[in-house]
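# Structural description and commentary
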Amino acid sequence: MAFDPEAFIEKQVRLLRDEVGNEKAFAATSGGVDSTVSAMLAHKAIGNRAIVAFLDDGLMREGEPEDVVGRLKGIGLNAKLYKVQEPFFKALKGITDPEEKRKAFRRTFYDTLTRIAREEGAKYFIQGTIAADVVETKGGVKTQHNVLDQIGIETSKEYGFKFIEPLVELYKPEVRKVGERLGLPAEMCQRRAFPGPGLSLRVLGEATPERVAVVRRATKIVEDGTSDLSSFQAFAVLLSDKATGVEGGRRKFGDIMVIRAVDSEDAMTAKPTRIPWRRLEEIRDRILVELPSVVKVLYDLTPKPPSTIEYI
């Protein structure tokens, strides 16, 4: 039977309204499709009693915190920006293992978010976990930070909140259809996916503020250079290794940056985007000019499987 986004919306709005009652709910959003659609459902159900929270953890794209919150307010949501960079970089300090990095982010994310939610007087927590997140986490592919109850973390006991996940049975294409039916503009419901732990997963090795700043700028360059392509995701990855380059006729030991772009429907499988060669050269040239620490730029041709879309 074909997916009916209108019937889904009616059902979830009713369930949210019945569950939350007259209380406040905290709806975390990164500005991505899943969390934005989840927040929009919460708003439709309980109005401004849904506090839509954006945590500026220092791991987002250039200008993203202010841009996302501005867009959310522009469509009528009760959106608030919280600047909380320090605890995240403190939690990530010295960590290089990918799974440990994801788990450190998860602990800090929920400790920070639930603390703020209590201060705001919220009783419920609404988040945009989708089916693919659960499948990858339970399958041992990689830990998605927003999968908790499904792996035995009792959220009521651990954090003191009832967690509500209205999209947990949907995959990305269905979530986009729900967003469209809710009236979200294309730049919101068709936005490229971005990992919950943000740029910490696009820095291999330790995610220091300095290294995150490098990959943040490279990400902007890659996204600018592929904005007219229909890629599911397009981003930059800063490797932990170094490479030898040449500057002014002398040896230079510098960073290696990877361009990654893939086509996918549901994030379960993916193929590399066929970016025109000249376009790749333009992206490469901008990275080398704007990021002097980079001496080598690569393009990743690996599909999923055997690779995952993200590097770690």
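Within any chain, residue numbers begin from 1 and follow the written order of that chain's sequence. Only residues with pLDDT of 70 or above have their local features reported here, since the model is predicted, and side-chain atom pairs are shown and tallied only from 80 upward, although totals for entire chains, interfaces and linings are computed over all residues. Note that water and hydrogens are dropped before the side-chain values are worked out from all heavy atoms of the structure.

## Side note on the overall build of the protein
Assigned secondary structure in the protein consists of 11 helices and nine strands. For 312 residues, the compact-globule estimate of 2.2 N^0.38 gives 20 Å, and the protein sits close to it at 20 Å. Dimensions along the principal axes, computed over C-alpha positions, put the protein at roughly 70 × 40 × 40 Å. Out of the 312 residues in the protein, the part that is buried amounts to 55%. Any two residues whose heavy atoms approach within 4.5 Å at even a single point are treated as in contact. Taking contacts inside the protein between residues at least 6 apart in sequence as the whole, the part at least 24 apart equals 74%. Summed over all atoms, the accessible surface of the protein reaches about 14300 Å², with 49% contributed by carbon and sulfur. By the counting rule applied here, Lys and Arg register as positive and Asp and Glu as negative, while His and the ends of each chain are not counted. Here the site of a charge means atom NZ of a Lys, CZ of an Arg, CG of an Asp or CD of a Glu. When the 49 basic and 47 acidic side-chain charges of the protein are each reduced to a single mean position, those positions are 2 Å apart. The numbering of helices and of strands both runs from the N terminus, where a helix is a DSSP run of H or I of at least 4 residues and a strand a run of E of at least 2. Note that the radius of gyration is over C-alpha atoms, with the globule rule given as 2.2 Å times the number of residues to the power 0.38. Relative accessibility decides the category of a residue: with a 1.4 Å probe and only protein chains considered, values under 20% of the type maximum give buried, values over 50% give exposed, and everything between is partly exposed. Computed with the Shrake-Rupley method and a 1.4 Å probe, the accessible areas treat only the protein chains shown as cover for residues.

## Focus on helix α5 (residues 98–119)
What a helix is expected to span follows from its residue count: subtract one and scale by 1.5 Å. Look at α5: 32 Å from first C-alpha to last across 22 residues, which is about the 32 Å you get at 1.5 Å a residue. Here a polar contact is recorded for every N or O atom pair within 3.5 Å, except that within protein the pair must consist of a potential hydrogen donor and a potential acceptor, and residues adjacent in sequence are included only if both atoms are side-chain atoms. At the N-terminal boundary of α5, the capping side chain belongs to Asp97, with an oxygen 3.1 Å from the backbone nitrogen of Glu99. Of the residues one or two after α5, Gly121 is the one with positive phi, at around 80 degrees.

## Quick word on the nonpolar core
Among the nonpolar cores identified, the biggest contains 85 residues, and Phe26, Val37, Leu41, Met257 and Ile287 are the most heavily contacted of them. For this core, the leading source of residues is helix α2 (residues 33–46), giving eight residues. With residues near it in sequence (within four places) discarded, Met257 still touches Val214, Val215, Ala218, Ala236, Val237, Leu238, Ile287, Leu291, Val294, Lys296, Val297 and Leu298. If you look at the next biggest cluster of nonpolar residues, it comprises 15 residues, including Leu204, Leu239, Ala243 and Val262. The term nonpolar core refers to a set of buried residues drawn from Ala, Val, Leu, Ile, Met, Phe, Trp, Tyr and Cys, joined through side-chain atoms within 4.5 Å.

## Regarding the pattern of salt bridges
Every case where a carboxyl oxygen of Asp or Glu lies within 4 Å of a side-chain nitrogen of Lys or Arg is listed as a salt bridge. Across all of its chains, the model carries 26 salt bridges by this definition. Measuring nitrogen to oxygen at the nearest pair gives 3.4 Å for the salt bridge that ties Arg71 to Glu187. One end of the pair, Arg71, is in helix α3 (residues 64–74); the other, Glu187, is in helix α9 (residues 186–189), with 116 residues separating them in the sequence. A relative accessible area of 34% places Arg71 in the partly exposed class.

## Section: the sheet that holds strand β2 (residues 50–56)
With parallel pairing, the five strands of this open sheet are ordered in space as β3-β2-β1-β4-β5. Bordering the open sheet on either side are β3 (78–83) and β5 (162–164), each of which pairs with just one other strand. In this sheet, neighbouring strand axes are inclined to one another by 30 degrees on average, regardless of whether the strands run parallel or antiparallel. Strand pairing follows a simple DSSP-based rule, namely that at least 2 bridges must link the two strands. Relative to strand β4 (residues 124–126), strand β1 (residues 25–28) is paired through three bridges, and the arrangement is parallel. Every axis in this analysis is a line fitted to C-alpha atoms, fitted for helices over the stretch in contact. Angles between the N-to-C directions lie between 0 and 180 degrees.

## What to know about the pairing of strand β7 (residues 250–263)
Within β7, 10 of the 14 residues are buried, leaving the element largely enclosed by the surrounding structure. When strand β6 (residues 233–247) meets β7, the two strands line up antiparallel, connected through 12 bridges. Following the sheet pairing, Gly245 is matched in β7 by Lys252. What sits between β6 and β7 in their antiparallel hairpin is a turn of two residues, with Gly248 showing a positive phi close to 60 degrees. Sheet topology places β7 next to strand β9 (residues 294–299); five bridges connect them, and they run parallel. Paired with Val258 across the strands is Leu298, a residue of β9. Relative to strand β8 (residues 271–272), β7 runs antiparallel, the two sharing two bridges. The residue bridging Asp263 from the neighbouring strand is Lys271, located in β8.

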